[in-house]
Amino acid sequence: MITKFIKRILRRDPMVKHTQANNTGAPKRIPKKAHRIDPHLLSKNAVKVTHTLQQAGYEAFIVGGAVRDLALGIGPKDFDVATNATPDQVQRLFRKARLIGRRFQIVHVTFFGKGHPEIIEVSTFRALLDNAGDHVAESGRILRDNVWGSQGEDAARRDFTINAMYYDPSSETVLDYHGGMADMQKKTLRMIGDPAKRYREDPVRMLRAVRFAAKTGFELDSATREPIAKLGKLLNDVPSARLFDEILKLLMSGYSWKAIQGLKDAGLHHGLLPLLDHILDKGEDSKGANDFVKLALANTDDRIQSGKSVSAGFLFATLLWPDLLKNWKANSAKGMANIPALHDAMDDTIATQSSGMTIQRRFESDMREIWSMQPRFERRVGRYPYRLIESPRFRAGYDFMLLRCATGELNSTIGQWWTDFIAADPAGQDELMASVKNESGNSQSPAKRRRRRKPKSVVPPESAAS
Ligand code: ATP
Ligand code: MG
């Protein structure tokens, strides 16, 4: 018993000098009856992690977005835990624990249950960067973010007051260092500290402000909103991969249309997606494109809000489609054959996009597959429909085609035909094939027009196949 106690004390040792180094004020302790967090919304695994850490003598809390969502009565999509144990100490306590990252070391504790494995991200309380200045000079960049600190410092490093609350499942108490709970009641999104300084430290926080405002329906506090107009251009210096991650989170938030409007209102959309530039800036001019994107985003939001999965490749394919269509039509007007015109337009569209924010390669190939399938939906003769339906990405291409029908870009009889074709038995499919012969002029797309003039370009090259 005594040795166990001594071990606990020794384990705490690395924390001692840092916790004493900075004191950022005592937190407000909010009891259960005031925060009303429903314990049923907690992840059992997250509770296991905090419990195990506490049993070993450490402090451990659920933190960040999970506490914000719990206080809003929403089931969080993932759970983060913050502790005063160092990553090594955390790792020793769990069987499936992996150290992740160098500059910002955290531990992923994985639980295998019935469904997908759940990863609980455990991070050690960090010191404020300002106070870690000596460490930067002495130890270099890698160590900089791994300077452990007190819980108060850890709270002060976080972005918004509503993201800086700590929940202890054992006592069902929330520790609130920056008035997050009061801001929740006022429905206000407020940056901790001096907003302009915090945006300079990390410009991505401006995008996060827009995303959380859209998600929670909260208003940005005026001091938090005001510097964004002037500092938005700092986003140009953020590495493309980080920007991509954040935009993806924004688009997958379940409130993407609202968030995109928020980007426009904040003047932050420039250079992120060329498409956003021209849709949001030109308004009426690009009404068709606007309708398409709006529908695609509404569709995505619906799916996410009802717990369905969404493919990022599909989403980016829809966002860039109006650009692609414009380039495709321009190539066709120059006399290029239909399919090469499409492929050339795909290259152009992706190149233009990459000059702003590069879309990751794995999503790019999905986009190309979905796009190159589109002319094939209009080719309802011979073996083509039977082959198309066998494509591994058929479903995505088909859903995309239905969106084009819904905005009137493609004749909706084609969409209906494919819906029937998928559902039909072989005899029914033959009947549908025969019915196409009796249809006339059912397509307004450049593909169809092109085919009539130049029969040789009709057959989509196999490169169009997935
Ligand atoms: P989501 O619901 O999207 O997961 P979240 O608030 O949990 O929202 P994460 O990106 O998962 O967002 O980050 C977890 C926590 O880490 C945040 O709640 C915040 O406290 C802190 N954090 C994340 N990014 C930043 C940042 N750029 N600056 C300061 N604090 C941040
Ligand atoms: Mg999170």
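The numbers attached to residues start from 1 for each chain and follow its sequence in the written order. Lettering of chains starts at A and numbering of ligands starts at 1, both following the order in which they are written. With pLDDT at 70 or above as the cut-off, local features in this predicted model cover only qualifying residues; side-chain atom pairs require 80 or more to be listed or tallied, and sums for whole chains, interfaces and linings still use all residues. With hydrogens and water stripped out, all remaining heavy atoms of the structure feed into the side-chain values.

(A) The pairing of strand E6 (residues 118-124), seen in detail. One ladder, built from four bridges, connects strand E3 (residues 80-83) with E6; its direction is parallel. Bridging across to E6, Val81 finds its partner in Val122. When DSSP finds two or more bridges between two strands, those strands count as paired. Numbering of helices and strands runs from the N terminus, with a helix taken as a DSSP run of H or I at least four residues long and a strand as a DSSP run of E at least two residues long. The sheet contact formed by strand E5 (residues 106-111) and E6 spans five bridges and is antiparallel. Following the sheet pairing, Val109 is matched in E6 by Ile120.

(B) Representation of the packing of aromatic side chains in the model. Stacked, edge-to-face and tilted labels apply to pairs of Phe, Tyr and Trp rings (six-membered ring for Trp) whose centres lie within 6.5 Å, assigned for plane angles under 30 degrees, over 60, and everything in between, in that order. Throughout the structure, instances matching the rule amount to 18 aromatic pairs. Taken together, a centroid distance of 6.3 Å and an interplanar angle of 80 degrees make the contact between Phe125 and Tyr166 edge-to-face. Here Phe125 is found in the loop between E6 and helix H6 (133-139), whereas its partner Tyr166 is found in strand E7 (residues 165-168), with 41 residues between them in sequence. Ring geometry for Phe377 and Phe394: centres 5.8 Å apart, planes at 45 degrees, overall tilted. Separated by 17 residues along the polypeptide, Phe377 in the loop between helix H20 (361-373) and helix H21 (384-389) and Phe394 in helix H22 (residues 394-406) bring together distant segments of the chain. When sorted by exposure, Phe377 lands in the same class as Phe394, which is buried. Put simply, the rings of Phe377, Tyr386, Phe394, Tyr398, Trp417, Trp418 and Phe421 pair up and form one aromatic cluster. Only Lys NZ and Arg CZ are tested; either one counts as a charge over a ring when it is within 6 Å of the ring centre and within 35 degrees of the ring normal. Sitting over the ring of Trp417, Arg380 keeps its end group 5.1 Å from the ring centre. Between buried and exposed lies partly exposed: a residue is buried under 20% and exposed over 50% of the maximum accessible area for its type, with that area taken using a 1.4 Å probe on protein chains only.

(C) Broad picture of the sheet that holds strand E4 (residues 97-100). Here we have eight strands laid out as an open sheet, ordered E1-E8-E7-E2-E3-E6-E5-E4, and mixed in their pairing. Among the strands making up the open sheet, the edge pair consists of strand E1 (28-30) and E4. Shown here is a sheet whose adjacent strand axes are inclined to one another by a mean of 30 degrees, direction ignored. For E1 and strand E8 (residues 173-176), the ladder comprises three bridges, and the chain directions are antiparallel. Across the sheet, residue Lys28 finds its bridge partner in E8, namely Asp176. A fitted line through C-alpha atoms represents every axis, and for helices the fit uses only the stretch in contact; the resulting angles, taken between N-to-C directions, go from 0 to 180 degrees.

(D) View of the packing of helix H18 (residues 312-333) against helix H19 (residues 338-354). Contact geometry of H18 with H19 gives a least axis separation of 8 Å together with a crossing angle of 135 degrees. In this view, H18 runs oblique relative to H19, as classed from their interaxial angle. As for how H18 packs across H19, the hand of that crossing is right-handed. Each of Leu320, Asp323, Leu324, Asn327, Trp328, Asn331 and Ser332 in H18 lies in contact with H19, whose residues at this interface are Asn338, Ala341, Leu342, Asp344, Ala345, Met346, Asp348, Thr349 and Gln353. Any angle from 65 to 115 degrees is called roughly perpendicular, while one under 35 is roughly parallel, one over 145 is roughly antiparallel, and all others are oblique. Note on convention: the crossing is left-handed when the near helix lies turned anticlockwise from the far helix by less than a right angle, right-handed when the turn is clockwise. The contact definition used throughout considers only heavy atoms, calling two residues in contact when any of these lie within 4.5 Å.

(E) Spotlight on the site of ligand 1. Around ligand 1 sit 18 residues in total, of which Arg68, Asp202, Arg205, Arg211 and Lys249 are the nearest. Take Asp202: an N or O atom from its side chain is 2.8 Å from a nitrogen atom of ligand 1. Protein chains bury 83% of the 580 Å² of accessible surface belonging to ligand 1 in isolation. Of all the secondary-structure elements, those providing two or more residues to the shell around ligand 1 are helix H4 (65-71), helix H11 (204-216) and helix H14 (240-251). When residues of the shell around ligand 1 are assigned to their parent elements, the largest contribution, five residues, is made by H11. The near set for a molecule or strand comprises every residue that places at least one heavy atom within 4 Å of it. Two N or O atoms form a polar contact when they lie within 3.5 Å of each other; inside protein one atom must be a possible hydrogen donor and the other a possible acceptor, and for residues adjacent in sequence the pair counts only when both atoms belong to side chains. Only the protein chains shown count as cover for residues, with accessible areas throughout obtained via the Shrake-Rupley method and a probe of 1.4 Å.

(F) Up close: the pattern of salt bridges. We count a salt bridge whenever a side-chain nitrogen from Lys or Arg sits within 4 Å of a carboxyl oxygen from Asp or Glu. If you walk through the whole model with that rule in mind, you get 19 salt bridges. Taking the shortest distance from any N to any O, the salt bridge between Glu409 and Arg404 comes out at 2.8 Å. Looking at Glu409, the relative accessible area reads 22%, which means it is partly exposed. Judged by its relative accessible area of 1%, Arg404 is buried. Through salt bridges with shared partners, a single ionic network connects Asp183, Lys186, Arg190 and Asp221.

(G) Expanded view of helix H3 (residues 44-55). Under the 1.5 Å per step criterion, the end-to-end length of H3 is 16 Å for 12 residues, consistent within 8% with the ideal 16 Å. What H3 keeps buried is the set Asn45, Ala46, Val49, Thr50 and Leu53. Across the axial projection of H3, the buried residues extend over an arc of 140 degrees, all falling on one side. Packing partners of the buried residues in H3 comprise strand E2 (60-63), E3, helix H5 (87-93), E5 and E6. Between the side-chain oxygen at the start of H3 and the backbone nitrogen of Asn45 there is a gap of 3.2 Å, and the oxygen is on Ser43. For a helix, the expected span equals 1.5 Å multiplied by the number of residues minus one. Working note: the arc is built from the helix axis to C-beta atom directions.

(H) Structural detail: unusual backbone geometry. Phi at Glu172 takes a positive value of approximately 55 degrees, unusual for a residue other than glycine. One non-glycine residue, Lys187, lies in positive phi territory at about 55 degrees. By the element assignment, Lys187 lies in the loop between helix H9 (180-186) and strand E9 (188-189).

(I) Spatial organisation of the confidence of the model for the protein. Per-residue confidence for the protein averages 83 on the pLDDT scale, and 80% of its residues sit at or above 70. A low-confidence stretch, residues 131-143 stays under pLDDT 50, and its non-local contacts, those more than four residues away or across chains, total nine contacts. Predictor confidence is given residue by residue as pLDDT, running from a minimum of 0 to a maximum of 100. The low-confidence segment residues 441-466, where pLDDT is below 50, has 55 contacts with residues more than four positions distant or belonging to other chains.

(J) Representation of the nonpolar core in the model. Put simply, a nonpolar core is a bunch of buried Ala, Val, Leu, Ile, Met, Phe, Trp, Tyr and Cys residues held in one set by side-chain atoms that sit within 4.5 Å of each other. Counting 88 residues, the largest nonpolar core has Val49, Leu53, Val122, Leu251, Phe316 and Trp371 as the members making the most contacts within it. For this core, the element with the most residues is H18, which contributes 11 residues. Residue ranges assigned to the domains are those given by an automatic or database domain assignment. When residues of this core are assigned to domains, at least three fall in each of domain 1 (1-185) and domain 2 (284-440). Counting 16 residues, the second largest nonpolar core, distinct from the first, contains Leu388, Met401, Cys405 and Met433.

(K) Quick look at the pairing of E3. Two strands pair when backbone bridges link them, and E2 and E3 are joined in this way by four bridges, in the antiparallel orientation. Across the sheet, the residue bridging to Ala60 is Thr83, located in E3.

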